Amino acid sequence: MSFKKSIAKYFDDEKGNAKGEALLEYFIAVLILINVLAIILESYKSIYTSYKSLFQLLELFTIIVFSIEYIIRIWVSDLIYPHLSPTKARLKYALSFMGIVDLASILPFYLPFIITLDLRIIRLLRLFRLLRVLKLNRNFKSLAVIRSVIIKTKNEILVSAILVFILLIIASTLMFYIENKAQPEAFENIGQALWWAVATLTTVGYGDIYPITGLGKIMSAFIALLGIGFVALPTGIISSAYIEEIRSQKKTEKCICPHCNKEIIE
């Protein structure tokens, strides 16, 4: 087996089964989580000032690792997609969702060296480091299951989202006309009423905007009860689909019987 083929096994998300592949996946996953923690800690000025060099060293190490990973994935793309020409295979990876995430997680580091950017833009680009957390989708199979479930239930989720949106518009419009005269500052327009509707429908209820009229309170209680059902609807759809997907995968899992050397279904 050629060196390139042995390397490709580590980076084939569908068929990869090379020895030590799990170790590589855990290493990348831990590095991503450390980066997310670093981004949070950097927001504390005292911590960032005290450990600035450590943060910079971590960022440099991460960029080196992820850059090598990206280059290798580009290099072995022709083996992962053997039915395509080398150029098309590399384009397929580069333009795929995970390929774009891989590039976006390292690009902000290199851009200032390529073109001159305003300091504010550089700070904004640093936010793209958070995209590294999306790379976990590749390293944990359970996240891939969730993605599959969302794709399968996208129509149902879209319908429920549209229903929630319609309910928000109706609720905020009605509450605006009910409460506007009683408290014009709180319900000055439908936009402000929409904020109340979101807080009520999601049962968060921040309390900064609330009805004071009798009709408004009745309306608010009714909307809150509707919110329990409508806002929870997408969660129920995804949960049931997730359980079905797990069951389906368990049924189709195959293993080799050590006694008769035949495939059996678990």
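Residues numbered from 1 in each chain as written. Predicted model: local features only at pLDDT ≥ 70, side-chain atom pairs only at ≥ 80, totals over all residues. Heavy atoms only, no water.

1. Points about the nonpolar core
Across soluble globular proteins, nonpolar side chains show a tendency to be buried alongside one another. In plain terms, the rule: We define a nonpolar core as any set of buried Ala, Val, Leu, Ile, Met, Phe, Trp, Tyr and Cys residues linked to one another through side-chain atoms lying within 4.5 Å. The classification of residues rests on relative accessible area computed with a 1.4 Å probe and restricted to protein chains. Under 20% of the type maximum is buried, over 50% is exposed, and intermediate values are partly exposed. We count a stretch as a helix when DSSP gives it H or I for four or more residues in a row; a strand needs E for two or more, and each element gets its number in order from the N terminus. In what follows, a contact means two residues having at least one pair of non-hydrogen atoms within 4.5 Å.
Residues Phe187, Trp196 and Ile223 are the most contacted members of the largest nonpolar core, which totals 15 residues. Listing elements by their share of this core, those giving two or more residues are α12 (154-179), α13 (190-201) and α14 (214-252). Once residues lying within four places of it in the same chain are set aside, the contact partners of Ile223 are Ala171, Trp196, Thr200 and Leu201. Core analysis: the second largest hydrophobic core is formed by 12 residues, Ile28, Ile32, Ile63 and Phe66 among them.

2. Concerning the packing of aromatic side chains
To be explicit about the condition: Two aromatic rings from Phe, Tyr or Trp, using only the six-membered ring of Trp, form a pair when their centres are within 6.5 Å; if the ring planes differ by under 30 degrees the pair is stacked, by over 60 it is edge-to-face, and anything between is tilted.
Taken as a whole and assessed by the stated rule, the structure comprises eight aromatic pairs. Relative to Trp75, the ring of Phe3 lies with its centre 6.4 Å away and its plane at 40°, an arrangement referred to as tilted. Note that Phe3 is positioned in helix α1 (residues 3-11) and Trp75 in helix α4 (residues 52-75), a separation of 72 residues in sequence. Assessed through its relative accessible area of 60%, Phe3 is described here as exposed. Judged by centre distance (5.1 Å) and plane angle (70°), the rings of Phe176 and Tyr177 are edge-to-face. By relative accessible area, which is 62% here, Tyr177 ends up exposed.

3. Digging into the packing of α4 against helix α6 (residues 86-95)
In plain terms, the rule: Orientation is described by lines fitted to C-alpha atoms, with helices fitted over the stretch in contact, and by angles between N-to-C directions that extend from 0 to 180 degrees. Working definition: roughly parallel below 35 degrees, roughly antiparallel above 145 degrees, roughly perpendicular at 65 to 115 degrees, and oblique for all remaining angles. Residues are sorted three ways: Asp, Glu, Lys and Arg are charged, Ala, Val, Leu, Ile, Met, Phe, Trp, Tyr, Cys and Pro are nonpolar, and all the rest, Gly among them, are polar.
Packing of α4 against α6 leaves a shortest axis separation of 8 Å and a crossing angle of 140°. Taken as axis vectors, α4 and α6 run oblique relative to one another. Counted together, Tyr70, Arg73, Ile74 and Trp75 of α4 and Arg90, Tyr93 and Ala94 of α6 form the full contact between these two elements. Counted by class, the contact of α4 with α6 contains five nonpolar, no polar and two charged residues.

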